[in-house]
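# Results of the structural survey
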Amino acid sequence: MFKEAVFTRYLTYFLGALTTAVNIFLLTYFLEVNEFAVWGISMSLVYLISQVGQLTYVQYIDKYFPNISIDKMKIKIYQFIKTIIIFSPVWYCLLLLLNFLNYFDKFYIENINILFLLISSLCVLESCIEVVSKFMLASRNTKNFDVKELLIIKIFRVALFYFLLVTGYSIYHLLFVSILIRGLFLIFILKTNELKIFTIIKNILSANIFNENFENFKYTFYAFLIKVLQTSFLNLIFLIFSNFSSSDTIATYSIGIIIVNNLRPIVSSFTSLLTPSISEKANKNESPTLFLRNSAFLISFISGFFILGILIFIEFKGLYSRLFIQYDQSFYDIVCLAVLSSTINPIFQPAFNLIKFSNQEKNLFSKLSVNYFSLLVLSFLITNFQNS
């Protein structure tokens, strides 16, 4: 069962990586530089807000779902989805605040309120999908999730994006189609447990968000902050850096951010499958040294293929460089660094999760916070110095 899940996940994620590469190429080729810069900013905001919009639920599922019944899981998952949806106006207001601070002025965006509505809607869907994906993992049903994700979110999206880009539609239409695709995908996944769509909607609407919501909040809060610190740094640096940069430079760095945000889950695919087992071992106070060592070796071996792939990409750039003539030479350096940064975290993540699940979350958070904010201040100072 586990071997089949691993094979399915790697096969679908590998094919998904190819479709993601095609998608990035289509966007960089058909969109103007300023449009692609806006797309990059939008995707970075979606990534950051959707991480926060998960409201500690992913961390709760990772640690506690493998040790509870499937019936209780279903009750909880509808409660989580309803709570995430209720929080959606907060993200729209956050975007309005950024606009009030003139963050988007340099892009000369028309109908910006519509853009904010699309971004906030996409954030909510991304948060819901991430929560449901963890539920599928805890219930050992990742094969169904992975296949549907490949067919709907990856392949179907590329086909629609190609049609929209060739026919000259704007990023507003791309975002709207992304919302429709992710909404369709979420419904298909929820139908795995409830065959009727009406029953799914009824379960979400009738879920009691005030009954045992945010349980074990002390753990989930610290684990949530740890996840935010781990996943937000590059995106936050990019958003800060964008405030001091031209649209051309933002477009170039957008490629790196999009690669990191899409490649990191692919490289981490094996790590994510280990999460329920690690949770169970932590719950039994086991110290699986050999298990962690073998996991790190296997993940390092897999990461080597991605590094080899990017070296080949750089070596033969002469064959396709004319396709990216609108970007400067740093384009290739950004792509290379983005791939390398995506392969580091998954190597130590199993051991990291075991420590976190063993009631050491406060200690991990304090150490990560020092590193995070030290590097954030250093990056801000360097950016100011370069622009002074």
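These lines cover the structure that appears in this document, whether it is placed above or below. (Residues numbered from 1 in each chain as written. Predicted model: local features only at pLDDT ≥ 70, side-chain atom pairs only at ≥ 80, totals over all residues. Heavy atoms only, no water.)

From N to C terminus, the protein includes 15 helices and zero strands. A compact globule built from 388 residues would reach a C-alpha radius of gyration of about 21 Å, and the protein, at 21 Å, matches this within 12%. By its C-alpha atoms, the protein is 55 × 45 × 40 Å across when sized along the principal axes. Burial status across the protein gives 49% buried among its 388 residues. Charge separation in the protein, taken as the distance between the mean sites of 29 positive and 21 negative side-chain charges, equals 9 Å. (Helix = DSSP H or I, 4+ residues; strand = E, 2+ residues; numbered from the N terminus. Rg over C-alpha atoms; globule rule 2.2 N^0.38 Å. Buried < 20%, exposed > 50% of the residue type's maximum accessible area, 1.4 Å probe, protein only. Lys, Arg positive; Asp, Glu negative; His and termini not counted. Charge placed at Lys NZ, Arg CZ, Asp CG, Glu CD.)

Scanning the model with the defined rule gives two salt bridges in all. Taking the shortest distance from any N to any O, the salt bridge between Asp-62 and Lys-134 comes out at 3.9 Å. Remark: Lys-134 occurs in helix H6 (residues 112-138) and Asp-62 occurs in helix H3 (residues 57-64); sequence separation between them is 72 residues. Taking the relative accessible area as the measure of exposure, Asp-62 reaches 12% and is therefore buried. The class for Lys-134 is buried, based on a relative accessible area of 13%. Here Glu-126 makes a salt bridge to Arg-182, at a shortest N to O gap of 2.4 Å. Of the two residues, Glu-126 sits in helix H6 while Arg-182 sits in helix H8 (residues 171-190), which places them 56 residues apart along the sequence. You can call Arg-182 buried: its relative accessible area is 10%. (Salt bridge = Lys/Arg side-chain N within 4 Å of Asp/Glu carboxyl O.)

Under the criterion given, the structure shown has 16 aromatic pairs. Look at Tyr-57 and Phe-80: their rings are 4.0 Å apart centre to centre, the planes differ by 10°, and that puts the pair in the stacked class. Of this pair, Tyr-57 sits in helix H3 while Phe-80 sits in helix H4 (residues 70-86), and the two are 23 residues apart along the sequence. Tyr-57 gets classed as buried once you look at its relative accessible area, which sits at 1%. Look at Phe-80 and you get buried, because its relative accessible area is 2%. With 6.3 Å between their ring centres and 25° between their planes, Phe-65 and Phe-80 make a pair best called stacked. Residue Phe-65 is located in the loop between H3 and H4, and its partner Phe-80 is located in helix H4; the two are separated by 15 residues in the primary sequence. Through a chain of ring-to-ring contacts, the aromatic side chains of Tyr-57, Tyr-60, Tyr-64, Phe-65, Phe-80, Phe-135 and Tyr-219 assemble into a single cluster. For the cation-ring pair, Lys-63 lies above Tyr-219, with the distance from its terminal atom to the ring centre recorded as 4.2 Å. The lysine or arginine in question, Arg-157, covers the ring of Phe-161, its NZ or CZ lying 5.8 Å from the ring centre. (Phe/Tyr/Trp six-rings, centres within 6.5 Å; stacked < 30°, edge-to-face > 60°. Lys NZ or Arg CZ within 6 Å of the ring centre and 35° of its normal.)

Taken together, the side chains of Ile-86, Phe-87, Val-90, Phe-214, Phe-217 and Phe-221 make up a nonpolar region of the molecular surface, amounting to roughly 490 Å² of accessible area. Within the fold, Phe-221 resides in helix H10 (residues 217-242). (Patch = residues over 30% accessible without salt bridge, like charges linked within 9 Å, V, L, I, M, F, W, Y side chains within 5 Å. Areas by Shrake-Rupley, 256 points an atom, 1.4 Å probe, with all protein chains shown as cover.)

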